[in-house]
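Observations on the three-dimensional arrangement
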Amino acid sequence: MSKLKISGTIRFIEETDAERNENLSRKLVLSLEPDNFLGMTTKTGADCSEIHLESEKVGSILATADDLLMNADGAVRVKKSSEK
């Protein structure tokens, strides 16, 4: 019997020209990449980058997504405060 796989993708989209010029989503996703675990992949592209999660447990997906979004929020706050 095969096990059920649950997956989800977090996509960071560059919405402004300034974000595109800085490749902001790429930098953000690559800064989070060291946190990747088995079943987690990072993909960068034009105007957006994403992290794909896959697990057999929905709790693992939710906890990991929560951690990633908290870390992304922290990275954005640090970037904004460094620009002041």
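What you see is a predicted model, and the numbers here were worked out from it, not measured in a lab. (Residues numbered from 1 in each chain as written. Predicted model: local features only at pLDDT ≥ 70, side-chain atom pairs only at ≥ 80, totals over all residues. Heavy atoms only, no water.)

Taken together, the three strands give an open sheet; going across it, the order is β1-β3-β2, and neighbouring strands pair in antiparallel fashion. Where the open sheet ends on each side, the last strands, each with one partner, are β1 (6-13) and β2 (40-44). The sheet shows a mean angle of 15 degrees between the axes of neighbouring strands, taken without regard to direction. Contacting β1, β2 and β3 (48-55), helix α2 (residues 24-32) crosses the sheet at an angle of about 30 degrees to β3. The strands touched by helix α3 (residues 58-82) within the sheet are β1, β2 and β3, with β3 carrying the most contacts at an inclination of about 150 degrees. (Pairing = 2+ DSSP bridges. Helix = DSSP H or I, 4+ residues; strand = E, 2+ residues; numbered from the N terminus. Axes fitted to C-alpha atoms, helices over the stretch in contact; angles between N-to-C directions. Contact = heavy atoms within 4.5 Å.)

Turning next to the nonpolar core. With 12 residues, the main nonpolar core is built from Ile10, Phe12, Leu28, Val29, Leu32, Met40, Ile51, Leu53, Ile61, Ala65, Leu68 and Ala72. Broken down by secondary-structure element, the contributors of at least two residues to this core are β1, α2, β3 and α3. For this core, the element with the highest residue contribution is α3, accounting for four residues. Non-local contacts of Ile51, meaning those with residues more than four positions away in its chain, are made with Gly8, Thr9, Ile10, Phe12, Val29, Leu32, Met40, Thr41, Thr42 and Leu68. (Core = buried A, V, L, I, M, F, W, Y, C linked by side-chain atoms within 4.5 Å. Buried < 20%, exposed > 50% of the residue type's maximum accessible area, 1.4 Å probe, protein only.)

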